[in-house]
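Listed below, chain by chain, are the residues.
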Amino acid sequence: MKILKLIAKPLDMETGRNIVVLHADDAEELGHFTGGRVRLATPKTMIVAIANDTRRMVNRGEIGTFVEVTENLGLAPGDTVEVSLAPRLPNAWPRQRWS
């Protein structure tokens, strides 16, 4: 599993969810697709967040963290965050065949 060490760039925006922004080149290196989940880890804690990609909000090597992620991970500007793809969960709803 690929793990990137990115520098936190807290963003002063609330979303109501755990959402981060990755530079498009970092997202591609990770094998991430927009809207997918990533695992974020610091020495103290780990969370899963929705990740979007951009070429404008953050530079390569940075991760933009909205207020909820910044607070949940206890991040300060410049902190290192380990980022990897979150494991995919199986679909919770059983498939039904309709005849």
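Quick look at the structure, then. (Residues numbered from 1 in each chain as written. Predicted model: local features only at pLDDT ≥ 70, side-chain atom pairs only at ≥ 80, totals over all residues. Heavy atoms only, no water.)

## What about the pattern of salt bridges?
Counted according to the given criterion, the structure contains six salt bridges. For K2, the salt bridge is made with E29, and the minimal N-O distance between the two is 3.2 Å. One end of the pair, K2, is in the segment before β1 (4-10); the other, E29, is in helix α1 (residues 24-30), and 27 residues separate them in sequence. Within the structure, one salt-bridge network assembled from shared partners comprises K2, D25, D26, E29, R55 and R60. (Salt bridge = Lys/Arg side-chain N within 4 Å of Asp/Glu carboxyl O. Helix = DSSP H or I, 4+ residues; strand = E, 2+ residues; numbered from the N terminus.)

## Some thoughts on the sheet that holds strand β6 (residues 80-85)
The six strands are arranged β1-β5-β2-β4-β3-β6 in a closed barrel whose pairing can be described as mixed. If you compare each strand with its neighbour and ignore which way they point, the axes differ by 45 degrees on average. In terms of strand pairing, strand β3 (residues 37-41) meets strand β4 (residues 46-54) through five bridges, oriented antiparallel. Residue pairing in the sheet places R39 in a bridge with V48 of β4. (Pairing = 2+ DSSP bridges. Axes fitted to C-alpha atoms, helices over the stretch in contact; angles between N-to-C directions.)

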